[in-house]
Amino acid sequence: MPRSCRTATLASKVVARAAGGGGADADVDYRRAFWTATMGGARAIGLEEHLGCLEVGRQFDAILVDVSCGAFDRFAEAVRTPTRLVTDLEQFINLGDDRNVRRVWVRGRECVRKDSHE
């Protein structure tokens, strides 16, 4: 998913530049790309009442991301803001990959668990 979000973000910038600046609709940032990959995808296939976000009663599909390894090490604490979750999400979307994923749940069942020292 991070690769798809990165690609959508980069492609929107190319399209906006080719169109002479584009507009708000053409600009896809990491927030919009993540929403499209989760809730937007669920809505597109008519399953927004069952999946796409972390709400009680919805299908639990999630990952646990370790932001203390890999590319994340390059960001000093000074860069982090009080809204660390948003900062970490942006960094994961832009820099993360499967090496940062420690646990995976699909339909509420844990299907991947990696030791943090691997």
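Residues numbered from 1 in each chain as written. Predicted model: local features only at pLDDT ≥ 70, side-chain atom pairs only at ≥ 80, totals over all residues. Heavy atoms only, no water.

### Observations regarding the overall build of the chain
Here's step 1: Secondary structure summary: the chain contains 3 helices and 3 strands in total.
Here's step 2: Across the chain, helices and strands are ordered from the amino to the carboxyl terminus as α-α-β-α-β-β.
Here's step 3: A total of 118 residues make up the chain; the buried ones form 25% of that total.
Here's step 4: For the chain, contacts bridging at least 24 residues in sequence account for 46% of all contacts bridging at least 6.
Here's step 5: Of the accessible surface of the chain, which amounts to about 8300 Å², a share of 56% is contributed by carbon and sulfur atoms. (Helix = DSSP H or I, 4+ residues; strand = E, 2+ residues; numbered from the N terminus. Buried < 20%, exposed > 50% of the residue type's maximum accessible area, 1.4 Å probe, protein only. Contact = heavy atoms within 4.5 Å. Areas by Shrake-Rupley, 256 points an atom, 1.4 Å probe, with all protein chains shown as cover.)

### Some points on the packing of aromatic side chains
Here's step 1: Inspection of every chain in the model, using the stated rule, returns 1 aromatic pair.
Here's step 2: Aromatic side chains phenylalanine 60 and tryptophan 105 sit 5.7 Å apart centroid to centroid with 55 degrees between the ring planes, which places their arrangement in the tilted category. Pair noted here: phenylalanine 60 is in the loop between helix 2 (30-44) and strand 1 (62-65) and tryptophan 105 is in strand 2 (residues 101-106), with a separation of 45 residues, a long-range link.
Here's step 3: Given a relative accessible area of 33%, phenylalanine 60 falls into the partly exposed group. (Phe/Tyr/Trp six-rings, centres within 6.5 Å; stacked < 30°, edge-to-face > 60°.)

### A look at unusual backbone geometry
Here's step 1: In the Ramachandran plot, arginine 107 falls in the positive-phi region, its phi being about 50 degrees despite a non-glycine side chain.
Here's step 2: Tracing the chain through its elements places arginine 107 in the loop between strand 2 and strand 3 (109-113).

### Notes on the pairing of strand 2
Here's step 1: Two strands pair when backbone bridges link them, and strand 1 and strand 2 are joined in this way by 4 bridges, in the antiparallel orientation. Within the sheet, the bridge partner assigned to valine 65 lies in strand 2 and is valine 101.
Here's step 2: Between strand 2 and strand 3, which pair antiparallel in sequence order, lie 2 residues; one of them, arginine 107, sits at a positive phi of approximately 50 degrees. (Pairing = 2+ DSSP bridges.)

### Observations regarding the pairing of strand 3
Here's step 1: Taking burial as the measure, the 5 residues of strand 3 include 0 buried ones, a minor fraction of the element.
Here's step 2: Across 4 bridges, strand 2 lies against strand 3 in antiparallel orientation. When the bridges of strand 3 are listed, valine 106 appears paired with arginine 109.

### Points about the confidence of the model for the chain
Here's step 1: Of all residues in the chain, 78% attain a pLDDT of 70 or more, and the chain-wide mean is 82.
Here's step 2: Within the chain, no element has a lower average pLDDT than helix 3 (residues 84-95), which sits at 78, and none a higher one than strand 3, at 95. (pLDDT = per-residue confidence, 0-100.)

### So, the pattern of salt bridges
Here's step 1: According to the stated counting rule, one finds 7 salt bridges in the structure shown.
Here's step 2: A salt bridge links aspartate 27 to lysine 13, with the nearest nitrogen and oxygen atoms 3.3 Å apart. Residue aspartate 27 is found in the loop between helix 1 (2-18) and helix 2, and its partner lysine 13 is found in helix 1; the two are separated by 14 residues along the sequence.
Here's step 3: Take aspartate 27: its relative accessible area is 38%, and that puts it in the partly exposed class.
Here's step 4: Residue arginine 113 pairs with glutamate 110 through a salt bridge whose shortest N-O separation is 3.4 Å.
Here's step 5: Of the residues examined, arginine 113 reaches a relative accessible area of 59% and is grouped as exposed. (Salt bridge = Lys/Arg side-chain N within 4 Å of Asp/Glu carboxyl O.)

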